[in-house]
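Each chain is listed here by its residues.
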Amino acid sequence: MNPLEFLYETVDILKDGKNGKVSLVYDKVGKQFFVMKERDLKTAALYERLQNIKSPYLPEIYRTLEFDGKFFIVEEFIKGRTLQDFLTYNNGLDEEKSAEVLKQLCNCLKILHAQKIIHRDIKPSNVMVAENNLVKLIDFSISRIEKDNAESDTDFL
């Protein structure tokens, strides 16, 4: 049994794909919601690096755990909607809101690139707009840490 199951109750499976499972969980002690991700152990270095970045543009990572050959991440549950939802259900964004979203997204990427993290999957469904209009980049499942001396960091997916 995963030790995190003692602390968290699974409320919903948000995604279950080739990169792992993403669940909405409820903290039985702290009485709040989080997102729990189950990833391959080879992603541990990336998520541990992300955990050390304190930025309003990234979900905060509260806990990581290696168990049974898998890597688990417990992170902030963001109350809000994806940029994709805004584009689909609100007929897009006005010019001022679009500029603000892009500015925040660029600030986020500046922080990530300074830490040599390459997201590799920036799209409207991976950009959350929180209730306070703060933009947060999510889904680091195919992200990589830049390799200084490598000719290529990327595999074709």
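Residues numbered from 1 in each chain as written. Predicted model: local features only at pLDDT ≥ 70, side-chain atom pairs only at ≥ 80, totals over all residues. Heavy atoms only, no water.

### A word on helix α1 (residues 44-51)
Residue pairs three or four apart in sequence face the same way in an α-helix, which turns once every 3.6 residues.
Phase 1: Among the residues of α1, Ala44, Leu46, Tyr47, Leu50 and Gln51 are the ones counted as buried. Mapping the buried residues of α1 onto a view down its axis gives an arc of 160°, with all of them on the same face.
Phase 2: Elements that come into contact with the buried residues of α1 comprise β3 (32-40), β4 (61-67), β5 (70-76), α3 (95-114), β7 (117-118) and β10 (144-145). (Buried < 20%, exposed > 50% of the residue type's maximum accessible area, 1.4 Å probe, protein only. Helix = DSSP H or I, 4+ residues; strand = E, 2+ residues; numbered from the N terminus. Arc of directions from axis to C-beta. Contact = heavy atoms within 4.5 Å.)

### Regarding α3
Phase 1: The end-to-end C-alpha separation of α3 is 29 Å, in line with the 28 Å expected for 20 residues at 1.5 Å each.
Phase 2: Looking at α3, one finds that the buried residues are Val101, Gln104, Leu105, Cys108, Leu109 and Leu112. Down the axis, α3 shows its buried residues gathered within 140° of arc, on one side only. Exposed side of α3, more than 90 degrees from the buried face: Glu95, Glu96, Leu102, Lys103, Cys106, Lys110 and Ala114 are the residues found there.
Phase 3: The backbone nitrogen of Glu96 lies 3.2 Å from a side-chain oxygen of the residue at the head of α3, namely Asp94.
Phase 4: Positive phi appears at Lys116, one or two residues downstream of α3, with a value of about 65°. (Expected span 1.5 Å × (residues − 1). Polar contact = N/O pair within 3.5 Å; in protein donor to acceptor, adjacent residues only side chain to side chain.)

### Side note on the sheet that holds β3
Phase 1: Spatially, the five strands line up as an open sheet ordered β1-β2-β3-β5-β4, and their pairing is antiparallel. Each edge of the open sheet carries a strand with a single partner, namely β1 (8-17) and β4. Within the sheet, the average angular offset between the axes of one strand and its neighbour, ignoring direction, is 20°.
Phase 2: Both β3 and β5 contribute to a ladder of seven bridges, which runs antiparallel. Its bridge partner lying in β5, Phe34 is registered against Glu76.
Phase 3: Sheet contacts for α1: β3, β4 and β5; angle to β4, the most-contacted strand, approximately 155°. (Pairing = 2+ DSSP bridges. Axes fitted to C-alpha atoms, helices over the stretch in contact; angles between N-to-C directions.)

### Section: the pairing of β3
Phase 1: Bridge analysis of strand β2 (residues 20-27) against β3 gives seven bridges, and the strand direction is antiparallel. When the bridges of β3 are listed, Tyr26 appears paired with Phe33.
Phase 2: Between the end of β2 and the start of β3, which pair antiparallel, lie four residues, with Lys31 showing a positive phi angle near 55°.

### With respect to a nonpolar patch on the surface
Phase 1: A contiguous nonpolar patch, built from Val11, Phe33 and Phe77 and spanning about 250 Å² of accessible area, is present on the exposed surface.
Phase 2: Considering the arrangement of structural elements, one finds Phe77 in the loop between β5 and β6 (80-82). (Patch = residues over 30% accessible without salt bridge, like charges linked within 9 Å, V, L, I, M, F, W, Y side chains within 5 Å. Areas by Shrake-Rupley, 256 points an atom, 1.4 Å probe, with all protein chains shown as cover. Salt bridge = Lys/Arg side-chain N within 4 Å of Asp/Glu carboxyl O.)

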